[in-house]
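A closer look at the structure
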Amino acid sequence: MPDLDLVFVCELQDIPGGEARAFDVEGYNLAIFNTGDELYALENACPHMGAALAEGEMMGGSVCCHEHGWMIDLLSGEALERDWAQVATYPVEVQDGKVYVQLG
Ligand code: FES
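Quick look at the structure, then. All residue numbers refer to positions counted from 1 along the written sequence of the respective chain. Given that this is a predicted model, residues contribute local features only at a pLDDT of at least 70 and side-chain atom pairs are listed and counted only at 80 or more, while totals for whole chains, interfaces and linings are drawn from all residues. As a rule here, side-chain values come from all non-hydrogen atoms in the structure, and water together with hydrogens is ignored.

**A short note on the overall build of the protein**
Looking only at helices and strands, one finds 0 helices and 12 strands in the protein. Here the radius of gyration uses the C-alpha set of atoms, whereas the globule reference equals 2.2 Å times the residue count to the power 0.38. Over its C-alpha atoms the protein spans a radius of gyration of 13 Å, differing by no more than 12% from the 13 Å that the globule rule assigns to 104 residues. Projecting the C-alpha coordinates of the protein onto the three principal axes gives extents of approximately 40 × 25 × 20 Å. Note on definitions: a residue-residue contact is assigned when non-hydrogen atoms from the two residues lie within 4.5 Å. Of all intrachain contacts in the protein linking residues separated by at least 6 positions in sequence, the fraction that spans at least 24 positions is 39%. For the protein, the exposed surface amounts to about 5,800 Å²; the carbon and sulfur share of it is 46%. Only DSSP runs of H or I with at least four residues qualify as helices, and only runs of E with at least two residues qualify as strands; both kinds are numbered from the N terminus onward. For accessible areas, the Shrake-Rupley method is used with a probe of radius 1.4 Å. Any residue's cover is judged against the shown protein chains and nothing else.

Below, the structure written as structure tokens:
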């Protein structure tokens, strides 16, 4: 049974390793990244001009925004080399093959 403050997002199989998907969950637009080893949840809006980060390309522990190439760290949400720019990140948990996030 998941913790009460965890919100169900999707089945783990809905996000293949090496890919990302966007989800609208309780008013939050989330980008969930599956590196193959870890899942990361970020606000799905680039801190530069708001492009959908889920459409970017994962490179190591970062995502390269598909619009203008800013690199966003998946763990911290910080734009690399522009640490004044950041998106929100959310804890992710997988329980019984289901993906949950902790919002707010
Ligand atoms: S909107 Fe992401 S780099 Fe410009």
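**Regarding the packing of aromatic side chains**
Aromatic contacts are taken between Phe, Tyr and Trp rings whose centres are within 6.5 Å, Trp giving its six-membered ring; a plane angle under 30 degrees counts as stacked, one over 60 as edge-to-face, and the others as tilted. Counting across every chain of the model gives 3 aromatic pairs. Judged by centre distance (5.6 Å) and plane angle (80°), the ring pair of Tyr-28 and Tyr-90 falls under edge-to-face. Highlighted residues: Tyr-28 in strand S3 (residues 28-34) and Tyr-90 in strand S10 (residues 89-90), separated in sequence by 62 residues. Here the aromatic rings of Trp-70 and Trp-84 are separated by 6.0 Å at their centres, their planes lie at 90°, and the arrangement is edge-to-face. Of this pair, Trp-70 sits in the loop between strand S6 (62-64) and strand S7 (71-73) while Trp-84 sits in strand S9 (residues 82-86); the two residues are 14 residues apart in sequence, bridging distant segments of the chain. For every residue, the accessible area (1.4 Å probe, protein chains only) is compared with the maximum for its type, and the residue is labelled buried under 20%, exposed over 50%, or partly exposed between those bounds. We classify Trp-70 as buried; its relative accessible area is 10%.

**Some details on the environment of Cys-65**
As for its position among the elements, Cys-65 is in the loop between S6 and S7. With a relative accessible area of 3%, Cys-65 lands in the buried category. Along the backbone, Cys-65 and Ala-51 are 14 residues apart, and their C-alpha atoms lie at a distance of 7.3 Å.

**Quick look at the sheet that holds strand S2 (residues 19-25)**
What holds strands together in a sheet is hydrogen bonding between their backbones, with the strands either parallel or antiparallel. Two strands pair under a simple rule: DSSP has to find at least two bridges between them. Pairing is antiparallel across the open sheet formed by 4 strands, whose spatial order is S2-S3-S4-S10. Each edge of the open sheet is held by one strand with a lone partner, namely S2 and S10. Where strand S4 (residues 39-43) and S10 come together, 2 bridges link them in antiparallel fashion. Looking across to S10, one finds that Ala-41 is bridged to Tyr-90.

**Focus: the side chain of Gln-95**
Within the fold, Gln-95 resides in strand S11 (residues 92-95). Overall, Gln-95 belongs to the buried group, its relative accessible area being 19%. Two N or O atoms count as a polar contact when they lie within 3.5 Å, although within protein this holds only if one can serve as hydrogen donor and the other as acceptor, and sequence-adjacent residues are included solely when both atoms are side-chain atoms. A polar side-chain atom of Gln-95 sits 2.5 Å from a polar atom in the side chain of Glu-93.

**Description of the pattern of salt bridges**
Any carboxyl oxygen of Asp or Glu that lies within 4 Å of a side-chain nitrogen of Lys or Arg is treated as forming a salt bridge with it. Within this structure, the stated rule accounts for 2 salt bridges. With a shortest N-O distance of 3.0 Å, Lys-98 and Glu-11 are connected by a salt bridge. Of this pair, Lys-98 sits in strand S12 (residues 98-102) while Glu-11 is found in strand S1 (residues 6-11), placing the two residues 87 residues apart along the sequence. With relative accessibility at 29%, the residue Lys-98 sits in the partly exposed group.

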